2 protein chains.
Amino acid sequence: MENELELKWDRLRRAMVAEGVDGCLVTTNRNLYWLTGRVVNGYFYLPAEGAPRLFLKRPAETGIASTAIRKPEQLPEAFAQAGLPLPRRLMLEDGTLPYNEYVRLQRSFAASETVGGSQLLRRLRMIKTPWEIEQMRLSARRQAEVYRMIPSCYRPGMTDLELQIEIERLMRLHGSCGVFHADGINMEIFMGSLLAGANAEEPSPFDFALGGAGQDACLPLGANGTRLEEGMAVMVDMAGNYTAYQSDMTRVFAVGQLPGEALRAHAVSCDVTARMERTARPGVSCAQLYRDALDRAAEAGLAANFMGTRLQAKFVGHGIGLDVNELPVLTPRSQDVLQPGMTFAFEPKFVIPGVGAVGIENTYLVTDEGVEKLTLLEEAIVPLT
Amino acid sequence: MENELELKWDRLRRAMVAEGVDGCLVTTNRNLYWLTGRVVNGYFYLPAEGAPRLFLKRPAETGIASTAIRKPEQLPEAFAQAGLPLPRRLMLEDGTLPYNEYVRLQRSFAASETVGGSQLLRRLRMIKTPWEIEQMRLSARRQAEVYRMIPSCYRPGMTDLELQIEIERLMRLHGSCGVFHADGINMEIFMGSLLAGANAEEPSPFDFALGGAGQDACLPLGANGTRLEEGMAVMVDMAGNYTAYQSDMTRVFAVGQLPGEALRAHAVSCDVTARMERTARPGVSCAQLYRDALDRAAEAGLAANFMGTRLQAKFVGHGIGLDVNELPVLTPRSQDVLQPGMTFAFEPKFVIPGVGAVGIENTYLVTDEGVEKLTLLEEAIVPLT
């Protein structure tokens, strides 16, 4: 783990030097985990030159040198005690720290200039280390094991929520951490999404690939109590959070016989995916991958069903790691190209009114030559009986 | 529901007038729910005088007049279209909006002065409406039903996590929304906390009443895989999130015979609770309730076990509603006094090294004369067999 952290610190230091920043102070959970290997209560500081230091409001065993503090106003004094020069240009997490906590840190480092660092941290986290890739492989393996057992959860007459609850239990028994991490103050989701029947068309306020009305107005997303009936597609897109690093996978299950249109749309999703697997490699643009997928959907006469009907998501894939929605995003306007070490989910999905959603999602690692699929599980629609 | 919202809007308007604020713009989920009855993707604006308006990035049916926008920079133009004057002093959510989103809104309303409103909103949300109290009663009733079934989840040889997973399933089957809302950017918890044996002493980075090592370094809190053995206390403090408004309740279960010290400490917790129930009424200070509890713990020779051992929480209760950690907080330094319509959890707990944690937690409504307990369930330690 120590080498792992050194690797990340070195990359962050180089980025700081390039930006003319003297130090970076991090205090929100995902960035703390990325830079220290665990969540602590306090601040992690990395100078552009020299060793990092933790300033802890609660004691924790981390292997990183630390100083105890009670509040951020004590940071300059604690820096002096630790022999750390105060940064002139300090990088802070402008995208995840609340306004008043950011301003409180600005005031604590009175004379310093502060610059936002969240986007830079997102771009560093976009390229995974070998250890991070191993964690994602482990999550993907466990996620596939759980998905394989989904038919055993089904009983005729169940609702979508009842089926989801049994899957949640299986996930937890196989090591799911429970909490489903997504980047963005308003991006809430419980343990994933299960959509069946007409509910797959329902728009949701959340920027996930598909919607669903949900259980309650405080979280309008996903399963809504729909009774699973003959002819419904059941799309399962539950979290792959079996380590801190997530995988993302979607498979479709069928109650009885699905209409031909749904079967055909599922086959188109598999085709779109196979095409992406052939063309994706370092240097290929994320925007091109989106356009290719949309073009194939249009050729198949399914543009109006692609990524939703009443509301259509404008992406077909997304980076993934500690958060389910990392960089890059496969949108028509993305400026990113694939790079080795990126990990992303690809999810060309189609909503068939009254039937449900069909299509597959897999998680990929970008290698030197192309992409490697991490979520290994058969992709055909699985009957529920 | 419409009267419900009018009630809240009126209270917010009066508070804005008192603060010299012309309008309040809200966009984070809990405040959106509080002010509109649901989570939407966009902004809710309430002027100090006149009707509210939603500015929506995704369409939603709310019953509130709305204007579609794509990005916050369009807000001034959308205000003009809707005939709304631009606020000179605009209140924003400084405690929950990320720094860069707050600044983006400041820039969009170029000429305006902005003031932080999160603390004001917290203080308004502290006093519940009759409808909110009904929602909390409903959550408390379902939470008690689930807790009553906990012994049926137990099998000898289980780990703490395995028991918790079966409780999670029961919770979900009884309508738990799943997601456990806590205020604060770094306050993460899955569906609650179950602590047994030596794990109850483990400190955690999170500001909840007790700790526990947790499953993974990305969420070091709660159950950690401890095998449940003879002589262990199992403290169950799982979420009461059966509506958007939570109740909070803790009960203790025993594997075999607990040592006398644990039984005695549990009785002290019940005594401390009974004393609070006799003394709490409008006008009583929250600091006094904390000091009373600590004094009783000290008289019983249990000060070193009160609210933890290696790390001791400095509160014995907390407001609760849409978030599990609302105002007031029952700490030694609180300036708050109880007021009718407040709802709070009271949780005098003791950690007994090697055994686990004991004590009870209940949720109360402050009435005109005293407090009313909402979480009605026997409070003695329940044997697991």
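What you see is a predicted model; the values in this text were computed from it and never measured. (Residues numbered from 1 in each chain as written. Chains lettered and ligands numbered in written order. Predicted model: local features only at pLDDT ≥ 70, side-chain atom pairs only at ≥ 80, totals over all residues. Heavy atoms only, no water.)

(A) Spatial organisation of the UniProt feature "domain: Creatinase N-terminal" (unreviewed entry) in chain A. Sequence positions flagged by UniProt for "domain: Creatinase N-terminal" (unreviewed entry) are, in local numbering, residues 9-127 of chain A. This span, residues 9-127 of chain A, is 38% helix and 21% strand, and a straight line between its end C-alpha atoms measures 14 Å. (UniProt positions renumbered as here; feature names shortened; annotations may be inferred. Helix = DSSP H or I, 4+ residues; strand = E, 2+ residues; numbered from the N terminus.)

(B) Broad picture of the environment of Ala-262 of chain A. Examined against the element boundaries, Ala-262 of chain A turns out to sit in helix H8 (residues 260-279). Discounting chain neighbours no more than four positions away, the residues touching Ala-262 of chain A are Ile-352, Val-355 and Val-358 of chain A. (Contact = heavy atoms within 4.5 Å.)

(C) Summary view of the confidence of the model for chain A. Looking at chain A, pLDDT values average 97 and 99% of them are 70 or higher. The ipTM, which scores confidence in the relative placement of chains, is 0.97 for this predicted complex, and the corresponding pTM is 0.98. (pLDDT = per-residue confidence, 0-100.)

(D) Expanded view of the packing of helix H7 (residues 160-173) of chain A against helix H7 (residues 160-173) of chain B. Where H7 of chain A contacts H7 of chain B, the two axes come as close as 10 Å, and the packing angle between them is 170 degrees. Regarding the angle of H7 of chain A to H7 of chain B, the classification is roughly antiparallel. On H7 of chain B, the residues that touch Leu-161, Glu-162, Gln-164, Ile-165, Glu-166, Glu-168, Arg-169, Arg-172 and Leu-173 of chain A of H7 of chain A are Leu-161, Glu-162, Gln-164, Ile-165, Glu-166, Glu-168, Arg-169, Arg-172 and Leu-173 of chain B. Per-class residue counts for the contact of H7 of chain A with H7 of chain B are six nonpolar, two polar and ten charged. (Axes fitted to C-alpha atoms, helices over the stretch in contact; angles between N-to-C directions. Parallel < 35°, antiparallel > 145°, perpendicular 65-115°, else oblique. Nonpolar A, V, L, I, M, F, W, Y, C, P; charged D, E, K, R; others polar.)

(E) Here's a closer look at the packing of helix H2 (residues 29-36) of chain A against helix H5 (residues 118-126) of chain A. Residue and element names in this part refer to chain A. Where H2 contacts H5, the two axes come as close as 12 Å, and the packing angle between them is 50 degrees. Compared by their axis directions, H2 and H5 come out oblique. Our pair here, H2 against H5, has a crossing hand that is left-handed. Residues Arg-30, Asn-31 and Trp-34 of H2 touch H5, and the partners they reach there are Leu-121, Leu-124 and Arg-125. Taken together, the residues of the contact of H2 with H5 break down into three nonpolar, one polar and two charged. (Left-handed = near helix turned anticlockwise from the far one by under 90°.)

(F) Layout of the pairing of strand E5 (residues 89-92) of chain B. Residue and element names in this part refer to chain B. Examined bridge by bridge, strand E1 (residues 23-26) and E5 share two bridges and lie parallel to one another. Residue pairing in the sheet places Gly-23 in a bridge with Leu-90 of E5. The pairing of E5 with strand E6 (residues 113-116) spans four bridges and is classified as parallel. For Leu-90, the partnering residue across the bridge sits in E6 and is Thr-114. Where the polypeptide runs from E5 across helix H4 (residues 99-108) and back to E6, its parallel neighbour, the crossover connection is right-handed. (Pairing = 2+ DSSP bridges. Right-handed = clockwise from strand over helix to strand, strands pointing away.)

(G) Representation of H7 of chain A within the structure. End to end, H7 of chain A covers 20 Å across 14 residues, agreeing with the expected 20 Å (1.5 Å per residue, within 8%). Among the 14 residues in H7 of chain A, eleven count as buried, and that is most of the element. For H7 of chain A, the full list of buried residues reads Asp-160, Leu-161, Leu-163, Gln-164, Ile-165, Glu-166, Ile-167, Glu-168, Leu-170, Met-171 and Arg-172 of chain A. Turning to H7 of chain A, the residues buried within the fold contact helix H6 (130-148), strand E7 (192-196), strand E8 (232-240) and strand E18 (382-384) of chain A together with H7 of chain B. Positive backbone phi, approximately 105 degrees, marks Gly-175 of chain A, located one or two places after H7 of chain A. (Expected span 1.5 Å × (residues − 1). Buried < 20%, exposed > 50% of the residue type's maximum accessible area, 1.4 Å probe, protein only.)

(H) Structural context of the packing of aromatic side chains. Residues and elements named next belong to chain A. Applying the stated criterion across every chain yields a total of 22 aromatic pairs over all chains. Look at Phe-306 and Phe-350: their rings are 5.6 Å apart centre to centre, the planes differ by 45 degrees, and that puts the pair in the tilted class. Here Phe-306, found in the loop between helix H9 (286-299) and strand E11 (317-319), pairs with Phe-350, found in strand E14 (residues 349-352); they are 44 residues apart in sequence, far enough to count as distant. On the basis of relative accessible area, Phe-350 is assigned to the buried category, the value being 0%. (Phe/Tyr/Trp six-rings, centres within 6.5 Å; stacked < 30°, edge-to-face > 60°.)

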